[in-house]
Amino acid sequence: MAALYDILRDNWLLLLIGQYPYGPLGGIAATLILSVLGIALAFPLSVALALARLSPWIALRWPVTALVYAVRGIPLLMIILWTYFLLPILLGHVVSGFATMLCTLVLYEACYLSEVVRAGIEALPKGQGEAARSLGHGYVGRMRFVILPQALFNMLPSMLSQFISTIQDTTLGYVINVQELTFAANQINNQLLTQPFQVFFILAITYFIVCFALTQAARWLERRVTTRRLGTTAPTAIPLPTGEELA
Amino acid sequence: MIRFDNVNKWYGDYHALNDITAEVAQGEVVVLCGPSGSGKSTLIRTVNRLEEIRSGQLVVDGFDIHAKSNTARELNRMRSRIGFVFQSFNLFPHLSVLENIAMSPMRVRGVKREEARATATRLLERVGLANKAGSYPAQLSGGQQQRVAIARALAMEPPAMLFDEPTSALDPEMVGEVLAVMRGLADEGMTMMCVTHEMGFAREVADRIWFMDAGRILEAAAPADFFGAPKHPRTQRFLSDLRAH
């Protein structure tokens, strides 16, 4: 226990922000920035992908469906390595680990999120789209004012869970030297050499605290969404029949 | 106002609408009745092209609504001018009652916000729900939701209104309040097509009743003739089945 305390006391700043300002921003700060940026950029892309997958045009639907299946069928680590080697070739110059990881996360999370968005849209009653159509809304109006506001609201809890997965996925950035939390922990371990269990225990606990807090937030959000969906008050209270009435 | 010309529709092998030729005149109230599966709802849904047709022509207010040459924009503009009321209300649950009514005039027709809200308030008063403007659909009873749905359709100032079993999903004690609103519309000269099982409403409000079976209109008659002296044997059987209950 004392060892844990010592490690934390000596290295808390490294765990928090990495070598910043003497090196790139790292630690939890980098992990969170990577996750937030990843999900924030993946979100609009995922809506576009979902709409493409629901499109009546085959030319749009098929390639996107193929992409989503492909990405979902390949381990994230493979995609990270591919991007790592492919991006510099395509762009013709060196790309930082952080940027590489961000691109990969956006693609990967967008594909997963697009399935959530698609499910959210398909779960809405067909009558919503029909009502919008009968009022004269075109495709864009239907999506923007009727379908997406409902579908995305209902999906908030799933999106938060996806965000939590994203935080965990950032650990894989370690393999391409992205200076995030796992990287910082490994630096500490390389310095100390003799206390790998303690160091990685601290790492695990840190991830757990962040993710557990967010999981709780997701549960709270889910309850709120459910209540909102059902309406704040029941339309008509139907008293349950008592045993006597049933008998 | 609404003219069907040899309209045919198939679901696979099933002939859902069989050579429908009929017309609803300006200001006329037509009630469609018939056994379930006879094609009433399908027919009314073809009028604003929620259902496609195989062949024939359907002209609404001078506009050939199923013409292949229609652009999406033209079709949407025409749809916005045909009020449609669903069995399951289909209010937008994420919008307040007032927003439900004011949203489409603003977004589809470009009506200014204040004007749209003023119209919505007026329509809410008309359907007797002025005090529910800020409520959400889930907080309303079925009858109240359906009245809001009627107000929402009216907000587009449609020259014709379609009702697809507007009271079938309601508890019996709420049917009356919805029918009263519809009766008010009919009295003001609104052109209406209405699929309903409320024979009392049909008798009192309809100018004509179309009786449908197996995708055909078997009989089209004024209520007095329809209920008093039905001509087609199928109509006679339908009416005697009704009376038996």
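Cut-offs applied
Residues numbered from 1 in each chain as written. Chains lettered and ligands numbered in written order. Predicted model: local features only at pLDDT ≥ 70, side-chain atom pairs only at ≥ 80, totals over all residues. Heavy atoms only, no water. Helix = DSSP H or I, 4+ residues; strand = E, 2+ residues; numbered from the N terminus. Disulfide = S-S within 2.5 Å. Buried < 20%, exposed > 50% of the residue type's maximum accessible area, 1.4 Å probe, protein only. Phe/Tyr/Trp six-rings, centres within 6.5 Å; stacked < 30°, edge-to-face > 60°. Pairing = 2+ DSSP bridges. Contact = heavy atoms within 4.5 Å. Axes fitted to C-alpha atoms, helices over the stretch in contact; angles between N-to-C directions.

### A look at unusual backbone geometry
Between Tyr 20 of chain A and Pro 21 of chain A the backbone carries a cis peptide bond, its omega angle lying at 5°. Along the polypeptide, Pro 21 of chain A turns up in the loop between α1 (2-17) and α2 (27-53). Here Asn 177 of chain A, not a glycine, exhibits a phi torsion of approximately 60°, which is positive. With respect to the secondary-structure elements, Asn 177 of chain A resides in the loop between α7 (139-169) and α8 (181-192). At Ala 214 of chain B, a position not held by glycine, the phi torsion is positive, near 50°. Mapped onto the secondary structure, Ala 214 of chain B falls in the loop between β9 (208-213) and β10 (216-221).

### Quick look at the state of the cysteines
All names here are of chain A. In this structure the tally under the stated criterion is 0 disulfides over all chains. No disulfide involves Cys 111; its nearest neighbouring cysteine sulfur is the one of Cys 103, lying 14 Å away. We classify Cys 111 as buried; its relative accessible area is 0%.

### Considering the packing of aromatic side chains
For any two aromatic rings, the description comes down to two numbers: the centre-to-centre distance and the angle of the planes. All names here are of chain B. In this structure the tally under the stated criterion is 10 aromatic pairs over all chains. For the ring pair Phe 4 and Trp 210, a centre distance of 6.0 Å and an interplane angle of 70° mean the geometry is edge-to-face. With Phe 4 in strand β1 (residues 2-11) and Trp 210 in strand β9, this residue pair connects regions lying 206 residues apart in the sequence. In this pair, the class of Phe 4 matches that of Trp 210, namely buried. Between the aromatic rings of Phe 211 and Phe 238, the centroid separation amounts to 5.0 Å while the plane-to-plane angle is 55°, which identifies the pairing as tilted. Of this pair, Phe 211 sits in strand β9 while Phe 238 sits in helix α9 (residues 233-244), and the two are 27 residues apart along the sequence. Look at Phe 238 and you get buried, because its relative accessible area is 10%.

### As for the sheet that holds strand β5 (residues 63-64) of chain B
Two orientations exist for strands paired in a sheet by backbone hydrogen bonds: parallel and antiparallel. Residue and element names in this part refer to chain B. Taken in spatial order, the 4 strands make up an open sheet running β2-β1-β4-β5, and their pairing is antiparallel. Strands with a single pairing partner mark the edges of an open sheet, and in this sheet they are β2 (14-24) and β5. Of the strands in this sheet, β1, β2 and β4 (55-60) touch helix α1 (residues 40-47), which is tilted by about 120° from β1.

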